[in-house]
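Residue-level listing of the chains:
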Amino acid sequence: MLLIGVVTLIVVSVLVGVNLGLSRTIRGGGGFFVAWQGARDILLEIAGKLASFIDSLFLNFGQRSAVSTTALLGQINPYSVSVAVQTQQMVYGRAAQPGENPYFLTIPFFLMPFYFPFALISDPVAARGIWMFLSEAALVATAILSLRMIEWRPPRFLLILYILLSLFTFYSVDSLLEGSPVILLTLLFIGILYTYLTGQDELTGALLVFSLFYWEVSLSFVLLMFLKISADKRSRVWNGFGMLLAILMILSFLIYPGWLLSFITATIGAIRSGFGIATGEAFAQLSPSNGVLISRVVSAFVIIVLVYEWLLARTPDLRHFVWTACLTLAATPLIGFRTDMTNLVVLFPSLALILAATVNRWRAGNWLALLLLLIALLLPWGFFVRWFLLNDQRSWDYLFLFFPVFTILGLYWTRWWFIRPPRTWLDHVRTNPG
């Protein structure tokens with residue numbers, strides 16, 4: 001145990017050192033810096049108010065008017081333009097240009113304490129390096145937990161490749177360098193599904209609260225969870241969700257009573273900034289004459305399919321529910337909301353379902369799974385290289401559309417096997433070789 005502990009400490013130290021070096025070398029990280037800056041301003045304001053309060057009590061024997069304890073935040077507003085401007089300076093070295101991410105803080109205030117430990121680090125580059133290390137660990141944990149959730153033990157070489165893919169696919173690397181919290185949000189989604197399947201209802205409800213980071217990523221998933229919880233009549237999930245949300249909301253309003261209006265204003269500002277990509281723009285680039293019509297048809301079709309699958313998922317079949325949850329995450333970018341390329345990392349757990357069905361259902365399943373892994377790894381990087389070298393906007397649009405379309409096609413390709421478990425003796429042997 002001592003040897004394992006020493007080796008683990010060495011490995012973690014090396015990985016943290018590597019990430020600190022990457023953080024100092026590679027620009028970016030705005031997704032983390034904006035939350036770090038907002039959280040640090042909050043902590044500094046709270047510390048200043050508490051210091052003034054203590055000073056008035058002990059140094060002046062109560063002669064000064066005590067600092068109000070009803071609101072610890074006064075001049076600092078983490079959703080203000082100044083926080084966005086400071087983040088732009090750290091990322092771009094200047095103000096953001098049209099089409100660039102303005103980095104408005106759009107995280108609900110009651111979830112901001114999650115960033116407080118990182119805000120205690122005065123060096124933002126060092127804090128980003130530690131965040132990158134934790135995000136890498138979250139990617140690996142997501143890959144492993146996804147396999148445990150569907151109770152699949154892949155061959156060793158596929159397991160290694162699958163874990164490597166979780167780290168080195170374009171969407172994972174892009175999210176890591178940007179410091180996007182969507183990586184941790186992905187782990188939360190899988191944790192919610194896993195705890196729900198295993199009957200840990202109160203924990204499921206608590207995790208649902210923390211999944212409210214980004215509405216454009218989590219809204220569809222949370223709505224599906226609410227529908228499933230209501231259909232299954234598992235009231236303990238509501239208890240866990242309501243109690244934790246109430247506590248966090250009360251504390252947030254005690255600290256900063258006016259945060260809700262500022263949060264809504266910042267969210268609207270981020271939407272109006274025009275940053276990101278939507279299916280309408282992608283199809284308009286690929287087909288200028290019919291792109292808008294195609295995007296509307298696709299959005300309407302995706303919504304209809306999701307509603308249909310949600311209604312089917314109300315049955316007690318938990319395999320069907322897991323498949324529907326993965327389909328929901330994959331289909332959300334195609335609904336039409338403006339989103340960011342880094343958000344597509346949330347689709348990665350769906351690959352576990354596709355690979356499991358491929359390996360267990362077809363005789364050449366291992367080779368087919370290997371081919372799918374290579375496609376998921378190499379094709380996005382090919383689109384990115386072409387966009388980077390040739391400034392080809394079509395390649396960027398293909399890069400955005402590829403992962404959702406690839407995942408949805410893969411899920412429907414394996415839908416019959418995953419929703420309806422193998423029933424023949426041969427299928428049973430293939431699924432349970434041990």
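Reference entry: report on the structure contained in this document. (Residues numbered from 1 in each chain as written. Predicted model: local features only at pLDDT ≥ 70, side-chain atom pairs only at ≥ 80, totals over all residues. Heavy atoms only, no water.)

Turning our eyes to something else, we now look at the overall build of the protein. Summing up its helical and strand segments, the protein has 20 helices and zero strands in all. Relative to the globule expectation of 22 Å for 434 residues, the C-alpha radius of gyration of the protein, 23 Å, shows essentially globular dimensions. Its C-alpha atoms give the protein principal-axis dimensions of about 85 × 50 × 50 Å. Looking at the 434 residues of the protein, the share that counts as buried comes to 48%. In the protein, the proportion of contacts linking residues at least 24 apart, taken out of those at least 6 apart, comes to 78%. Surface accessibility of the protein: about 20900 Å² in total, with carbon and sulfur atoms responsible for 70%. Put simply, the protein has 27 plus and 20 minus side-chain charges, and the middle of one group is 8 Å from the middle of the other. (Helix = DSSP H or I, 4+ residues; strand = E, 2+ residues; numbered from the N terminus. Rg over C-alpha atoms; globule rule 2.2 N^0.38 Å. Buried < 20%, exposed > 50% of the residue type's maximum accessible area, 1.4 Å probe, protein only. Contact = heavy atoms within 4.5 Å. Areas by Shrake-Rupley, 256 points an atom, 1.4 Å probe, with all protein chains shown as cover. Lys, Arg positive; Asp, Glu negative; His and termini not counted. Charge placed at Lys NZ, Arg CZ, Asp CG, Glu CD.)

Attention shifts here to the side chain of Thr-204. By secondary structure assignment, the location of Thr-204 is in helix α9 (residues 201-210). Here Thr-204 is in contact with Ile-192, Thr-195, Tyr-196, Met-225 and Val-237, once residues within four sequence places are set aside.

To continue, consider helix α18 (residues 393-413). Under the 1.5 Å per step criterion, the end-to-end length of α18 is 30 Å for 21 residues, consistent within 8% with the ideal 30 Å. Its axis deflected by about 35 degrees at Phe-402, α18 carries its strongest bend there, up to four residues before the proline Pro-404. Two to three positions downstream of the cap, the backbone nitrogen of Arg-394 sits 3.2 Å from a side-chain oxygen, assigning the N-cap of α18 to Asp-392. (Expected span 1.5 Å × (residues − 1). Bend = angle between axes of the 7 residues up to and from the residue. Polar contact = N/O pair within 3.5 Å; in protein donor to acceptor, adjacent residues only side chain to side chain.)

Moving on to a nonpolar patch on the surface. Together, Leu-2, Val-6, Ile-10, Val-14, Val-18, Leu-22 and Ile-26 make up a nonpolar patch on the protein surface, roughly 600 Å² of accessible area in all. Along the chain, Val-18 turns up in helix α1 (residues 2-25). For Val-18, a relative accessible area of 45% gives the class partly exposed. (Patch = residues over 30% accessible without salt bridge, like charges linked within 9 Å, V, L, I, M, F, W, Y side chains within 5 Å. Salt bridge = Lys/Arg side-chain N within 4 Å of Asp/Glu carboxyl O.)

Turning next to the side chain of Ser-395. Mapped onto the elements of the fold, Ser-395 is located in helix α18. Classification of Ser-395 by relative accessible area gives buried; the value is 1%. For Ser-395, the residues in contact, after removing those within four places along its chain, are Phe-383, Arg-386 and Trp-387.

Once that is clear, we can look at the environment of Phe-253. By secondary structure assignment, the location of Phe-253 is in helix α11 (residues 235-255). Given the relative accessible area of 30%, Phe-253 is considered partly exposed. When the C-alpha positions of Phe-253 and Phe-110 are compared, they lie 8.4 Å apart, and in sequence the two are 143 residues distant. Apart from the residues within four sequence positions on either side, Phe-253 is in contact with Trp-259 and Leu-260.

Below, the discussion takes up the nonpolar core. Generally speaking, soluble globular proteins have nonpolar side chains that are buried together. Ranked by internal contacts, the top residues of the largest apolar core, which has 116 residues, are Ile-107, Ile-150, Tyr-162, Met-225 and Leu-351. A total of 10 residues in this core trace back to one element, the largest contributor, which is helix α8 (residues 182-197). (Core = buried A, V, L, I, M, F, W, Y, C linked by side-chain atoms within 4.5 Å.)

Moving on to the packing of aromatic side chains. The way to describe two aromatic rings as a pair is by their centre distance and the angle between their planes. All chains considered together, the criterion is met by 36 aromatic pairs. A centroid spacing of 6.0 Å and a plane angle of 65 degrees characterise the contact between Phe-110 and Trp-259, whose relative ring orientation is edge-to-face. Of the two residues, Phe-110 sits in the loop between α3 (81-92) and α4 (116-119) while Trp-259 sits in helix α12 (residues 259-272), which places them 149 residues apart along the sequence. The exposure class assigned to Trp-259 is buried, which follows from its relative accessible area of 2%. Seen from their ring centres, Phe-402 and Phe-406 are 5.2 Å apart, and the 25 degrees between their planes marks the pair as stacked. In this pair, Phe-402 and Phe-406 both sit in helix α18, four residues apart, roughly one turn of the helix. A relative accessible area of 15% places Phe-406 in the buried class. Joined through ring pairs, the aromatic side chains of Phe-170, Tyr-171, Trp-381, Phe-384, Trp-387, Phe-388, Trp-396 and Phe-403 make up one cluster. Taking NZ or CZ as reference, Arg-234 lies 3.8 Å from the ring centre of Tyr-196, over its face. Cation over ring: Arg-415 sits above Trp-323, and NZ or CZ is 5.1 Å from the ring centre. (Phe/Tyr/Trp six-rings, centres within 6.5 Å; stacked < 30°, edge-to-face > 60°. Lys NZ or Arg CZ within 6 Å of the ring centre and 35° of its normal.)

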